[in-house]
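Read off the chains here:
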Amino acid sequence: VTMAVPDQVPFNQYTANGVSVAFPYTFLIVEEGQLAVYLDGVLQASGYTVSGVGVAGGGNVTFTTAPANGVVVENIRETALTRTTDYPPNGDLLESTLDADFDKTWQAMQEINEHVERAIKLPLGSTADPVLASLVANRYLRVNAAGDGIDQVATVAVDDTLVITPYGETLVA
């Protein structure tokens, strides 16, 4: 009997202390290749082992050498957005095949939801175009004059609506 994909956030982040080698991941992966391990934002291809594959509550990433003190360790489930299962006409429709196919879909949706929850969003009913033409170096994002979108500006104008503390003045002076 298989279990439905539990409601999980497919992401864990830790700050290494230079001593610990084991860093838990607290979500289900059905194959080791679903787990991406990053050190300070750099994907790691080796130097660790993974336990807990197929366990609903996750397992551990155990490094051969402890990451240096202060290094950010991220364990992220990254399900490939591909479909490899083919259901032939008049073929067997096995529960295990169907469950695995649906589980992969739910895991991918959890990962997409985690990204969406962290995104800047326009309010419901907004008709503004949320897409910036392209990002430009050394520009700032601001709400546009109409209050219905975001644009980029090179400078920030100081007027009656912006209050700068005396400390802030020392920083911009």
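One structure accompanies this document, and this report is about it. (Residues numbered from 1 in each chain as written. Predicted model: local features only at pLDDT ≥ 70, side-chain atom pairs only at ≥ 80, totals over all residues. Heavy atoms only, no water.)

## Quick notes on the packing of aromatic side chains
Between two aromatic rings, the relevant description is the distance of the centres plus the angle of the planes. Across all of its chains, the model carries four aromatic pairs by this definition. Ring plane angle 75° and centroid distance 5.8 Å describe the contact between F23 and F63, whose orientation is recorded as edge-to-face. Of the two residues, F23 is situated in strand β2 (residues 22–25) and F63 in strand β6 (residues 59–63); the sequence distance between them amounts to 40 residues. When sorted by exposure, F23 lands in the same class as F63, which is buried. The structure contains a cluster of three or more aromatic residues connected by ring pairs, namely Y14, F23, Y48 and F63. (Phe/Tyr/Trp six-rings, centres within 6.5 Å; stacked < 30°, edge-to-face > 60°. Helix = DSSP H or I, 4+ residues; strand = E, 2+ residues; numbered from the N terminus. Buried < 20%, exposed > 50% of the residue type's maximum accessible area, 1.4 Å probe, protein only.)

## Quick look at the sheet that holds strand β7 (residues 72–77)
The strand order across the open sheet built from four strands is β1-β7-β3-β4, with neighbouring strands paired in antiparallel fashion. Each having just a single partner strand, β1 (11–15) and β4 (42–43) make up the two edges of the open sheet. Examined bridge by bridge, β1 and β7 share five bridges and lie antiparallel to one another. From the neighbouring strand, F11 faces β7, where its bridge partner is I76. (Pairing = 2+ DSSP bridges.)

## Thoughts on unusual backbone geometry
The backbone phi angle of D40 is positive, close to 50°, even though this residue is not glycine. Residue placement: D40 occurs in the loop between β3 (35–39) and β4. Look at N138: it is not a glycine, yet its phi comes out positive at around 60°.

## As for helix α1 (residues 95–118)
Between its terminal C-alpha atoms α1 stretches 35 Å, which fits the 34 Å expected from 24 residues at 1.5 Å a residue. Those residues of α1 lying buried are D101, D103, Q107, A108, Q110, E111 and E114. Along its buried surface, α1 packs onto β7. (Expected span 1.5 Å × (residues − 1). Contact = heavy atoms within 4.5 Å.)

## A few points about the pattern of salt bridges
Tallied over the full model, the rule gives four salt bridges. Between R77 and E111 there is a salt bridge; the shortest N-O distance is 2.7 Å. Taken together, the residues span a long stretch of sequence, with R77 in strand β7 and E111 in helix α1 at a distance of 34 residues. One salt bridge connects D151 with R142, and the closest N-O pair in it is separated by 3.1 Å. A residue is classified by how much of its surface remains accessible, and D151, at 24% relative accessible area, is partly exposed. A relative accessible area of 44% places R142 in the partly exposed class. (Salt bridge = Lys/Arg side-chain N within 4 Å of Asp/Glu carboxyl O.)

## Description of the side chain of N75
Examined against the element boundaries, N75 turns out to sit in strand β7. Residue classification places N75 among the buried residues on the basis of a relative accessible area of 0%. A polar contact of 3.3 Å, which involves the side chain of N75, links it to the backbone oxygen of F23. Separated by 3.2 Å, the side chain of N75 and the backbone oxygen of P24 make a polar contact. (Polar contact = N/O pair within 3.5 Å; in protein donor to acceptor, adjacent residues only side chain to side chain.)

## Describing the sheet that holds β2
Across the sheet, three strands lie side by side as β2-β6-β5; this open sheet has antiparallel pairing. Where the open sheet ends on each side, the last strands, each with one partner, are β2 and β5 (48–50). With strand direction ignored, the average angle separating the axes of adjacent strands in the sheet is 20°. Bridge count between β2 and β6: four bridges; the pairing is antiparallel. (Axes fitted to C-alpha atoms, helices over the stretch in contact; angles between N-to-C directions.)

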